[in-house]
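Residue-level structural notes
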Amino acid sequence: MADQSQEPVPFMQKVLDNPLLLLAIGVLIPTVLYTLWGVYEVMQIPVSR
Amino acid sequence: MAEFRTCPETGFKIDLQADKLIKWNAVTSVVFLLVGGLFGLLVALTRWPEIHLLPAELYYLVLTGHGLDILLVWIIFFEMALLYFTSAILLNARLVAPMLGWIQYWLMLVGAAATNVAVLQGNSSVMFTSYVPLQAEPLFYAGIIVFAVGALIGCGVFFATLVTAQREKTFEGSMPLVTFGAMVAAIIAVFTIATGAAILLPTLLWSLGLIPYIDSLLYKVVWWAMGHSSQQINVAAHIACWYAIGGILFGAKPLSEKVSRMAFFMYILFLQLASAHHLLVEPGISSEYKIFNTSYALYIAVLGSMIHGLTVPGSIEAAQRKKGFNKGLFEWLRKCPWGNPVFSGMFISLVSFGFLGGISGVVLGTEQLNLIMHNTMYVPGHFHATVGAGTTLAFMALAYWVVPVLYQKELWGAGMAKWSPYLFGLGISLIAVFQMGAGTLGAPRRHWDMTLSEAAIGFDLPPAAFLMMGLNGVAALIAGLGGAIFILNMVGTILLGAPKAAPAVAPAAPAASGAAVSGSAEGVTVPGTFFLAIIFLVTFILYYFVNWKFLASVWPLS
């Protein structure tokens, strides 16, 4: 039986075990997809004269 | 140098500073639950057409206080306690920079008190959303900003403790799932607070007269990144509580820890995008933006919620079946400790959150269906199901376990405590149902005068909508009774509870350790949970398509 401690840690587990990486992802994605995209849409509305 | 004590009941090694911070944050949260709950009762009694208790000005004042104290203050104070518990205590670690923890506490307290004072002074009745051009006193915005800075510092202490515990190897392998869920809540909190600062700082300057104008649509877009995401913190946090309670009471392990982690990961990626459902009727924003955020992306996060909804009861079923409760589909469920408020609160929270909050959230997030109920009573109905029945009840359930354990006192009023989750759970779920019913019939949210008697363009709501709002008032009284019992239990336990007798021999594997370990339940089938899941899916599908039919009837196209 293989020694489990010698097995390489799967990539996804490395990602999920890295709090600071997850923090960066969790802030970046909504900032781009929700906030910045939303602000961009509002900025595209012509100002009334 | 950190000092520790060993809990005689759970075996946890408890950092004394973390211990104090958890207690202070938890107790303060309950105080604000009391204040916000009283405001809520006054709101319900005013929206009860036959009673219509408060004049308009006072109504908007208490509505502002209710939203603020329940949606932000009670919840986030409790979440701070949860973050310290799931990091320092569950990871067997020292709390990093406890002084910053105290700065978190005092900033949040000062901020919350300042905003409450501003509201009670009467010139800041702008409601929780505080949409511009409604303007509050500068103290209102300044208080929220100070509160948010405190919460951000608390998140920093949590992450520092987490990373330090990893480096000092206070636990083996991956962090426990409960801690992982709390970390997801903290990640969402950081985004929430950062965007909150981005919009509330200029709003403060505007209220001081230093900025002439804030665009109302821009405000809405950025504000909802805070306003709705703050409630997504709750979702991750209360699901962490569900897993914790399953581990504590049953020694339950998730059906597949990998799958549960991935479900939380889906929250990190997409849950916060749900904020866009508040913008679905805004004409200046494209359908691509609305539909991508509230449908394509959000549905992946909804899948995460459905996984948790399956795996939490599934893990309990697996643990119960291992103990021999194998008869039929539901012996495992019948044999659960229904008289223990920790369990009953958690299970009612799970069912109400899924059936009422989850389904109504997807309906509200569908661009076309949203037209039927946007800005109606349906919206507060939805979030009374999520934040009230889901989060508040889950936090109450965990508090019934945490407070006696940390204070080492017997639960005061245990006979009453059995009833609290049922009364609060029933009451708050009925509030959600009646508000959603009234909203579906067109009753506006927020508005003091349901008859719209002074509106420029009048509208007669059907009598059933008035009936629903009356029943909403009755349900609020039931929920209020359940909430009052909870607060009495907590205060009584801290002040009057009898000291717990220390066990003669420290348990080798304390029951509570189930919340602090990693791993999956293996080799157990959970047919009862899958049967319940099918009922949920059928309900979901039926309700979803009934609303499409309803949309066709109220908005005929030819």
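Look a little higher up for the structure.
So, here's what we can say about the structure. (Residues numbered from 1 in each chain as written. Chains lettered and ligands numbered in written order. Predicted model: local features only at pLDDT ≥ 70, side-chain atom pairs only at ≥ 80, totals over all residues. Heavy atoms only, no water.)

All names here are of chain B. Two elements in contact, helix α7 (residues 229–250) and helix α9 (residues 287–322), have axes separated by 10 Å at closest approach and are oriented at 0°. Taken as axis vectors, α7 and α9 run roughly parallel relative to one another. For the pair α7 and α9, contact is made by I239, W242, Y243, G246 and F250 and by H308, T311, V312, I316, A319 and Q320, respectively. Tallied by class, the residues present in the contact of α7 with α9 amount to seven nonpolar, four polar and no charged. (Axes fitted to C-alpha atoms, helices over the stretch in contact; angles between N-to-C directions. Helix = DSSP H or I, 4+ residues; strand = E, 2+ residues; numbered from the N terminus. Parallel < 35°, antiparallel > 145°, perpendicular 65-115°, else oblique. Contact = heavy atoms within 4.5 Å. Nonpolar A, V, L, I, M, F, W, Y, C, P; charged D, E, K, R; others polar.)

It is worth spelling out the packing of aromatic side chains at this point. All names here are of chain B. Overall, the coordinates contain 35 aromatic pairs over all chains when judged by the stated rule. Plain terms: the ring middles of W242 and F353 are 5.8 Å apart, the flat faces sit at 70° to each other, and that makes the pair edge-to-face. Placement of W242 in helix α7 and of F353 in helix α11 (residues 341–364) is noted, with a sequence separation of 111 residues between them. Accessibility assignment for this pair places W242 and F353 in one class, buried. Ring-pair connections join several aromatic residues into one group, and the members of that group are W24, F32, F77, W102, Y105, W106 and F147. Looking at K23, its charged tip hangs above the ring of Y407, at a distance of 4.7 Å from the centre. (Phe/Tyr/Trp six-rings, centres within 6.5 Å; stacked < 30°, edge-to-face > 60°. Buried < 20%, exposed > 50% of the residue type's maximum accessible area, 1.4 Å probe, protein only. Lys NZ or Arg CZ within 6 Å of the ring centre and 35° of its normal.)

Moving on, we get to the pattern of salt bridges. Residues and elements named next belong to chain B. Throughout the structure, instances matching the rule amount to seven salt bridges over all chains. Its salt-bridge partner being E168, residue R94 comes within 2.9 Å of it at the nearest N-O pair. Placement of R94 in the loop between α2 (56–89) and α3 (98–120) and of E168 in the loop between α4 (138–167) and α5 (177–207) is noted, with a sequence separation of 74 residues between them. Overall, the relative accessible area of 33% leaves R94 in the partly exposed class. The salt bridge partner of K220 is E282, with a shortest N-O separation of 2.4 Å. With K220 in helix α6 (residues 216–227) and E282 in the loop between α8 (257–270) and α9, the pair connects residues that are 62 residues apart, well separated along the chain. With respect to burial, K220 and E282 carry one shared label: buried. (Salt bridge = Lys/Arg side-chain N within 4 Å of Asp/Glu carboxyl O.)

None of this, on its own, says anything about what the molecule does.
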